Amino acid sequence: MSALLKGKSKSDFRKAVDKIYDNCVSIGINTVYVHARAFGDAFYDSQLFPASKYLSGTVGQGTGYDPYEILIDEAKKHSLSFHAWINPLRLCTHEDMQVISSDYTIKKWYNSEYKGKYIVNVSGTWYLNPAYDETIQLVCDGVKEILNRYDVDGIHLDYVRYPDRTNGYPDAALYRKHGKGLSLAEWRRANITDIARKVYRCVKALKPWV
């Protein structure tokens, strides 16, 4: 995406997408999975997440046009099913977090008492903590935003997991409070299942055919 977008005009991008999709069709592909959100950012026009740095080189700075409109429009022209690919929990690096606008929820949490709770830092990268209803709601709100703005055929979730499997993840106190009767691994799996369940329900409530 970075190579396709950085410094490229709208017409350049459309031509590049057309070429990629031509290739997809030529080798029998019928479905494309295209990143919508990779690092708590957006490859589309979003009110909830900052523009991906892979659009222009800087977090929060877009291209002047909506890449997702072009990606979906060209997919339809090529009779390709289009799935919006989301990494729901992984956010950005510590360095990128510094330059994100305070207008966005993840930065508001970073600047508040929810830092270390709703968002946690693991090895220099920030993540949404799936143990909170508020963070899962943000994920669902992001999915709803995509569904309301774009004619996608599917929502694809990737990296729907904790960033590591060690006891170093900062959720010991939460586990002691809410994980009664479950092992730590079972409790974490239940949190991840809850994300998938709630995303599924919000998709089906808005667009049952997606």
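Scroll up to find the structure.
Because the structure is predicted, anything quoted here is derived from the model rather than measured. (Residues numbered from 1 in each chain as written. Predicted model: local features only at pLDDT ≥ 70, side-chain atom pairs only at ≥ 80, totals over all residues. Heavy atoms only, no water.)

Draft legend 1. How the structure looks around the environment of Asp 96. Here Asp 96 lies in helix 5 (residues 94-99). Asp 96 sits in the buried class, given a relative accessible area of 14%. Between the alpha carbons of Asp 96 and Leu 182 there is a distance of 36 Å; along the sequence they are 86 residues apart. The residues contacting Asp 96, other than those within four sequence positions of it, are Lys 53 and Val 59. (Helix = DSSP H or I, 4+ residues; strand = E, 2+ residues; numbered from the N terminus. Buried < 20%, exposed > 50% of the residue type's maximum accessible area, 1.4 Å probe, protein only. Contact = heavy atoms within 4.5 Å.)

Draft legend 2. Focus on the sheet that holds strand 6 (residues 154-157). One open sheet holds the 3 strands; their spatial order is 1-2-6, and the pairing between them is parallel. Of all the strands in the sheet, the pair left with one neighbour each is strand 1 (31-37) and strand 6. Sheet twist, expressed as the average angle between the axes of neighbouring strands with direction ignored, equals 35 degrees. As paired elements, strand 1 and strand 2 (residues 81-86) share 6 bridges and run parallel to each other. Bridge pairing in strand 2 places Val 32 opposite Phe 82. (Pairing = 2+ DSSP bridges. Axes fitted to C-alpha atoms, helices over the stretch in contact; angles between N-to-C directions.)

Draft legend 3. Here's a closer look at the packing of helix 7 (residues 133-149) against helix 9 (residues 184-206). Here helix 7 crosses helix 9 at 30 degrees, and the two axes come no closer than 10 Å. As summarised for this structure, helix 7 and helix 9 are arranged roughly parallel, according to the angle between their axes. The handedness of the crossing between helix 7 and helix 9 comes out as right-handed. Between helix 7 and helix 9, the residues in contact are Asp 133, Ile 136, Val 139, Cys 140, Val 143, Lys 144, Leu 147 and Asn 148 and Asn 191, Asp 194, Ile 195, Lys 198, Val 199, Cys 202, Val 203 and Leu 206, respectively. Its residues assigned to classes, the contact of helix 7 with helix 9 comprises 10 nonpolar, 2 polar and 4 charged. (Parallel < 35°, antiparallel > 145°, perpendicular 65-115°, else oblique. Left-handed = near helix turned anticlockwise from the far one by under 90°. Nonpolar A, V, L, I, M, F, W, Y, C, P; charged D, E, K, R; others polar.)

Draft legend 4. Quick look at the packing of helix 2 (residues 10-26) against helix 4 (residues 67-77). At a minimum axis separation of 10 Å, helix 2 and helix 4 run at an interaxial angle of 35 degrees. Once helix 2 is placed against helix 4, the crossing between them reads as right-handed. Facing Lys 10, Phe 13, Arg 14, Val 17, Asp 18 and Tyr 21 of helix 2, the residues of helix 4 in contact are Pro 67, Ile 70, Leu 71, Asp 73, Glu 74, Ala 75 and Lys 77. A class-by-class count of the residues in the contact of helix 2 with helix 4 yields 7 nonpolar, no polar and 6 charged.

Draft legend 5. The packing of aromatic side chains, seen in detail. Inspection of the entire model under this criterion finds 12 aromatic pairs. Ring centres of Tyr 44 and Tyr 150 lie 6.0 Å apart, and the angle between their planes is 80 degrees; on these two criteria the pair is classed as edge-to-face. You can see Tyr 44 sitting in the loop between strand 1 and helix 3 (53-56) and its partner Tyr 150 sitting in the loop between helix 7 and strand 6, a full 106 residues away along the chain. For Tyr 44, a relative accessible area of 3% puts it in the buried group. (Phe/Tyr/Trp six-rings, centres within 6.5 Å; stacked < 30°, edge-to-face > 60°.)

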